[in-house]
Amino acid sequence: MSFSDRDGVIWFNGELVDWREAKVHVLTHTLHYGMGCFEGVRAYQTDEGPCIFRLKEHTDRLFRSAKILGMPMPYTHEQINEACLQVVRENNLEEAYLRPMVFFGDEGMGLRAESLSTNVIVAAWHWPSYMSPEALTAGIKVRTSSFTRHHVNITMCKAKANGNYINSMLALREALSGGAEEALLLDPEGYVAEGSGENIFVVRDGVVYTPELTSCLDGITRATIMQFCRDLDIPVVEKRISRDEVYIADEAFFTGTAAEVLPIRELDDRDIGAGKAGPITLKLQQMYFDQVKGRRAEYPEWLHNVKA
């Protein structure tokens, strides 16, 4: 089914509009130049009804991205939060993927981007896990990409910007064509950055390592996993990681709203640890799914009930 041909509603500049009528002109500025920002958010089914995971943090990051890109936001944090709850509720979704996006309008063309309106949409639809259920235990095959992650002063890496994902798409296509399931990108100095749309963690001798936040996104799932590690008294170290350090890790995994907690079994034809999800990965993965599905008493503020 085409994404444009569905039943339901989309929040578009403050109003709920019919899904098929949520349209923009072909000369919309962001379509041509990529200046925009977005979020990927998930709602999960819980015993209390559908709940959006860490909605506040996602909305806060959307506003930070817009500020970095110089895009004035015409709505408040509270209005965007309510829009997210509304689209899940009005589309009768028990579980959902949400896509808030900020984009420039069609009032003009050119790189000066003058006198353009800032538009905001929030859509929600049912979108299953990024990978197969088997991948959550067996892990995935990854290949180091020939495409370098952005330099911090080329495209602002703390913004979840639309145009940044050209880099991700090129890297992922290359990995898929080479028989892998995901790409690992290095930063401009050759250190591990992240996947095409995920943060990365490696485990060695009981210590969890993750790259410093330079050219990789400040992931919300990343922050969640780091909090779980602290709760379990597992040391977490943010540092530069070389590619060969991943080769000799005991475990490795990706994190992200779409990927959730995804084990890496192989990188560049080298088994990671035992070549399957390791015990720390599986423990953190279980904690994550228990958290988002409302099965843990800790951090209740991370769940926003759609029907409350």
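- Per an unreviewed UniProt entry, the protein chain carries the name Branched-chain-amino-acid aminotransferase and comes from Umboniibacter marinipuniceus.
- Quoted verbatim from the Cofactor (unreviewed entry) field of UniProt, the annotation for the protein chain is "pyridoxal 5'-phosphate".
- Reading the Function (unreviewed entry) entry of the UniProt record for the protein chain gives the comment "Acts on leucine, isoleucine and valine."

### Focus: the nonpolar core
For step 1, the next point in the chain: Of all hydrophobic cores here, the largest spans 43 residues; its most connected members are Ile-225, Phe-228, Val-246, Phe-254, Leu-262 and Tyr-288.
For step 2, the next point in the chain: It is helix α8 (residues 279–292) that contributes the most residues to this core, six residues altogether.
For step 3, the next point in the chain: Three or more residues apiece are contributed to this core by two domains, here domain 1 (9–126) and domain 2 (134–293).
For step 4, the next point in the chain: Excluding its chain neighbours within four sequence positions, the residues that come into contact with Tyr-288 are Tyr-44, Phe-53, Thr-221, Thr-224, Ile-225, Phe-228, Glu-260 and Val-261.

### Here we look at the pairing of strand β4 (residues 41–46)
For step 1, the next point in the chain: Burial runs high along β4: five of the six residues are buried.
For step 2, the next point in the chain: Note: β4 against strand β6 (residues 96–104), three bridges, orientation antiparallel. What sits directly across from Arg-42, in β6, is Tyr-97.
For step 3, the next point in the chain: Here β4 runs beside strand β5 (residues 49–53); their pairing, made up of four bridges, is antiparallel. Its bridge partner being in β5, Tyr-44 is matched across the sheet by Cys-51.
For step 4, the next point in the chain: Counting the residues between successive antiparallel strands, the hairpin from β4 to β5 contains two residues.

### Some words on the packing of helix α2 (residues 55–69) against helix α3 (residues 77–90)
For step 1, the next point in the chain: Running from N to C, α2 and α3 cross one another at 125°; their axes reach a closest spacing of 10 Å. Compared by their axis directions, α2 and α3 come out oblique. Judged by the sense of rotation from one axis to the other, the crossing of α2 with α3 is right-handed. Contact with α2, carried on its side by Leu-55, Lys-56, Thr-59, Asp-60, Leu-62 and Phe-63, involves His-77, Ile-80, Asn-81, Cys-84 and Leu-85 of α3 and no other residues of that element.

### Notes on α8
For step 1, the next point in the chain: With 14 residues, α8 extends 20 Å between its outermost C-alpha atoms, agreeing within 8% with the 20 Å of an ideal straight helix rising 1.5 Å per residue.
For step 2, the next point in the chain: Taken across its 14 residues, α8 has ten buried, putting it largely inside the fold.
For step 3, the next point in the chain: Following α8 by one or two positions, Gly-294 has its phi on the positive side, about 75°.

### A word on unusual backbone geometry
A negative phi holds for most residues other than glycine; trans holds for most peptide bonds.
For step 1, the next point in the chain: Phi is positive for Asn-13, which is not a glycine, with a value near 50°.
For step 2, the next point in the chain: Position of Asn-13 relative to the elements: it lies in the loop between β1 (9–12) and β2 (15–18).
For step 3, the next point in the chain: The backbone phi angle of Ser-115 is positive, close to 55°, even though this residue is not glycine.
For step 4, the next point in the chain: Checked against the element boundaries, Ser-115 lands in the loop between β6 and β7 (118–125).

Conventions we followed
- Residues numbered from 1 in each chain as written.
- Predicted model: local features only at pLDDT ≥ 70, side-chain atom pairs only at ≥ 80, totals over all residues.
- Heavy atoms only, no water.
- UniProt positions renumbered as here; feature names shortened; annotations may be inferred.
- Core = buried A, V, L, I, M, F, W, Y, C linked by side-chain atoms within 4.5 Å.
- Buried < 20%, exposed > 50% of the residue type's maximum accessible area, 1.4 Å probe, protein only.
- Helix = DSSP H or I, 4+ residues; strand = E, 2+ residues; numbered from the N terminus.
- Domains from an automatic or database assignment.
- Contact = heavy atoms within 4.5 Å.
- Pairing = 2+ DSSP bridges.
- Axes fitted to C-alpha atoms, helices over the stretch in contact; angles between N-to-C directions.
- Parallel < 35°, antiparallel > 145°, perpendicular 65-115°, else oblique.
- Left-handed = near helix turned anticlockwise from the far one by under 90°.
- Expected span 1.5 Å × (residues − 1).

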